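# Coordinate analysis (summary)
So you can see what is in the structure, the chains are spelled out below.
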Amino acid sequence: MPDHEIVYKIALSMQKHVTSSVVREMETRGLSPKDFFTLDTPALSLALGLSAGKAFQRMERDEVLFKARKEWEIMQRHNISGHFLLDDDYPVRLSQASDAPVFLYRVGDADLDSAKMVSVVGTRKPTPYGVDFTSRLIEDLAAYFPDLTVVSGLAYGIDAVAHTTAMKAGLPTVAVVAHGLNMIYPAQHRDLARMIVKNGGAILSEYPFGEQPYRQRFLERNRIVAGLCDVTVVAESDIKGGAMSTANTAFSYSRDVMALPGRASDKLSSGCNMLIRRGKACLITSAADLIEHVGWQPFGIPAGVLQRNLFPELDGEAKLVYDTLRFSAEPMQIDRIHSLTLIPISGLMSVLGEMEFDGIVIRHPGNRFSVS
């Protein structure tokens, strides 16, 4: 791409009142980014069907074009690549969003059109329940889908767990940030960001170099996290958590949303429970739930084998025990399992013994049990 072409595209994204809908309207009317900046104001207004009061004045466009040239120079110096909304290399899933960013800045080599993409988001202060779920989910998905890419927002808590676990599992991960790529916020995640890029992932932003983070930009960032992916998973969230914004946006895009349920008394599960209750998210407790809901089929693994591995063929008391344990945030004592299932202790011990032998449950010190 000649340098001047990308400069016009960067400039278009910097121009006030130019949104994705304006860019698409320009395409419909046969106007290129270069046309936008080279036509005189009356001709441009006529071409866009604008009234005099809504015209893009020539002086303002020239100022934006000057900034875009500087931005392109910075991108070249810092090895930052760019993606314009109408170009072939713009992420396909994100391009389908009505409010997609006009331009994206990227550091790193991750494939933004990976065959399978899942975003995992949640609270910045997770409980062990949310951390354990996030880790197990990504580890289990990685075992079946080496072509998976994990997307999150580089925040504290669930985001950091998602990025870190993905890298440990050998998966690329994409961090979407709410500021220019000259910095990392929070600063404590600079090393994490470097590791993401080093391990085949990417840092992605819609903001030019030097732009600072503030509250509204984190909300804007969330639509990119949602729009890049097939499915969004909320691990833990309060009703007003930032992850709720991502989930609601994904729902508005008609993407799959899944949420980890929790006890009614747990504040950090209140958002997830509300999403499930309102029909905006499907319940998820394991990778099996996601695979079943989305309908993914691993390459080279027959459906029957996958079914046996992920969904234990249980019925009766064994199924009741399994369902009880997989909703528990921590290993459960026999007395507690008995009180929830009403299975007599003698029979319960027998059922748990068989399930342990089959590798379905794990016995912990103190005769406590959890699903494997």
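Reading the values: the criteria
- Residues numbered from 1 in each chain as written.
- Predicted model: local features only at pLDDT ≥ 70, side-chain atom pairs only at ≥ 80, totals over all residues.
- Heavy atoms only, no water.
- Axes fitted to C-alpha atoms, helices over the stretch in contact; angles between N-to-C directions.
- Helix = DSSP H or I, 4+ residues; strand = E, 2+ residues; numbered from the N terminus.
- Parallel < 35°, antiparallel > 145°, perpendicular 65-115°, else oblique.
- Contact = heavy atoms within 4.5 Å.
- Left-handed = near helix turned anticlockwise from the far one by under 90°.
- Pairing = 2+ DSSP bridges.
- Patch = residues over 30% accessible without salt bridge, like charges linked within 9 Å, V, L, I, M, F, W, Y side chains within 5 Å.
- Areas by Shrake-Rupley, 256 points an atom, 1.4 Å probe, with all protein chains shown as cover.
- Salt bridge = Lys/Arg side-chain N within 4 Å of Asp/Glu carboxyl O.
- Lys, Arg positive; Asp, Glu negative; His and termini not counted.
- Charge placed at Lys NZ, Arg CZ, Asp CG, Glu CD.
- Buried < 20%, exposed > 50% of the residue type's maximum accessible area, 1.4 Å probe, protein only.
- Phe/Tyr/Trp six-rings, centres within 6.5 Å; stacked < 30°, edge-to-face > 60°.
- Lys NZ or Arg CZ within 6 Å of the ring centre and 35° of its normal.
- Core = buried A, V, L, I, M, F, W, Y, C linked by side-chain atoms within 4.5 Å.

Direction vectors running N to C along helix H15 (residues 316-326) and helix H17 (residues 345-357) enclose 75°, while the axes themselves pass 10 Å from each other. In terms of orientation, H15 and H17 fall into the roughly perpendicular class. Between H15, through Glu-317, Ala-318, Val-321, Tyr-322 and Leu-325, and H17, the contact on the second element is made entirely by Leu-348, Val-351, Leu-352 and Met-355.

Any two packed helices are characterised by how steeply their axes cross, that is the angle between the axes, and by the distance between the axes. Across the interface, helix H8 (residues 158-168) lies against helix H9 (residues 190-198) with an axial gap of 11 Å and an inter-helix angle of 35°. Once H8 is placed against H9, the crossing between them reads as left-handed. Mapping the contact onto sequence places Ala-160, His-163, Thr-164 and Met-167 in H8 and Leu-192, Met-195 and Ile-196 in H9.

A few words on the sheet that holds strand E11 (residues 361-364). Here three strands make up an open sheet; going across it, the order is E10-E12-E11 and the pairing antiparallel. Two strands in the sheet have a free side with no partner beyond their single neighbour: strand E10 (332-333) and E11. Taken strand by strand, H15 contacts E10, E11 and strand E12 (368-371), and its axis lies near 90° from that of E12.

Taken together, the side chains of Asp-88, Asp-89, Asp-111 and Asp-113 define an acidic patch exposed on the protein surface. Take Asp-89: it is sitting in the loop between strand E1 (81-84) and helix H6 (92-95). On the basis of relative accessible area, Asp-89 is assigned to the partly exposed category, the value being 41%.

A separate point is the packing of aromatic side chains. Considering all chains together, one arrives at six aromatic pairs under this definition. Aromatic side chains Tyr-185 and Phe-218 sit 5.8 Å apart centroid to centroid with 55° between the ring planes, which places their arrangement in the tilted category. Of this pair, Tyr-185 sits in the loop between strand E5 (173-176) and H9 while Phe-218 sits in helix H10 (residues 215-227), and the two are 33 residues apart along the sequence. A connected cluster of aromatic rings, assembled from ring pairs, spans Tyr-8, Phe-36, Phe-37 and Phe-56. Note that Lys-116 overlies the ring of Trp-296, its terminal NZ or CZ placed 5.9 Å from the centroid. The ring centre of Tyr-207 lies 4.6 Å from the NZ or CZ of Arg-217, which sits over that ring.

Our next topic: the nonpolar core. Counting 68 residues, the largest nonpolar core has Phe-36 and Leu-228 as the members making the most contacts within it. Examining the composition of this core, we find that six residues originate from one element, helix H1 (residues 3-14), more than from any other. Of all hydrophobic cores here, the second largest spans 26 residues; its members include Val-120, Ile-284, Ile-291 and Trp-296.

The mixed open sheet is built from nine strands, whose spatial order is E1-E2-E6-E5-E4-E3-E7-E8-E9. Of all strands in the sheet, those bounded by a partner on one side alone are E1 and strand E9 (282-283). Where strand E3 (residues 116-121) and strand E7 (residues 231-234) come together, four bridges link them in parallel fashion. Paired with Val-120 across the two strands is Val-233, which belongs to E7. In this fold helix H12 (residues 270-277) packs onto E7, strand E8 (256-259) and E9, with an angle of close to 130° to the strand it touches most, E8.

This part covers the environment of Pro-172. With respect to the helices and strands, Pro-172 occurs in the loop between H8 and E5. Among all residues touching Pro-172, those that are not within four sequence positions of it are Leu-148, Thr-149, Val-150, Asn-199, Gly-200 and Gly-201.

This brings us to the side chain of His-163. Relative to the helices and strands, His-163 resides in helix H8. In this structure His-163 touches Ser-152, Gly-153, Leu-154, Thr-173, Val-174, Ala-175, Leu-192 and Ile-196, once residues within four positions along its chain are discounted.

On to the pattern of salt bridges. Applying the stated criterion to the full structure yields 14 salt bridges. One salt bridge connects Asp-323 with Lys-319, and the closest N-O pair in it is separated by 2.9 Å. Here Asp-323 pairs with Lys-319, and both are found in helix H15, just four residues apart, close to one helical turn. Looking at Lys-319, the relative accessible area reads 40%, which means it is partly exposed. For the salt bridge of Arg-363 with Glu-356, the shortest nitrogen-to-oxygen distance reads 3.0 Å. Taking relative accessible area as the criterion, Glu-356 reaches 30% and is therefore assigned partly exposed.

Shape descriptors only; they carry no functional weight alone.
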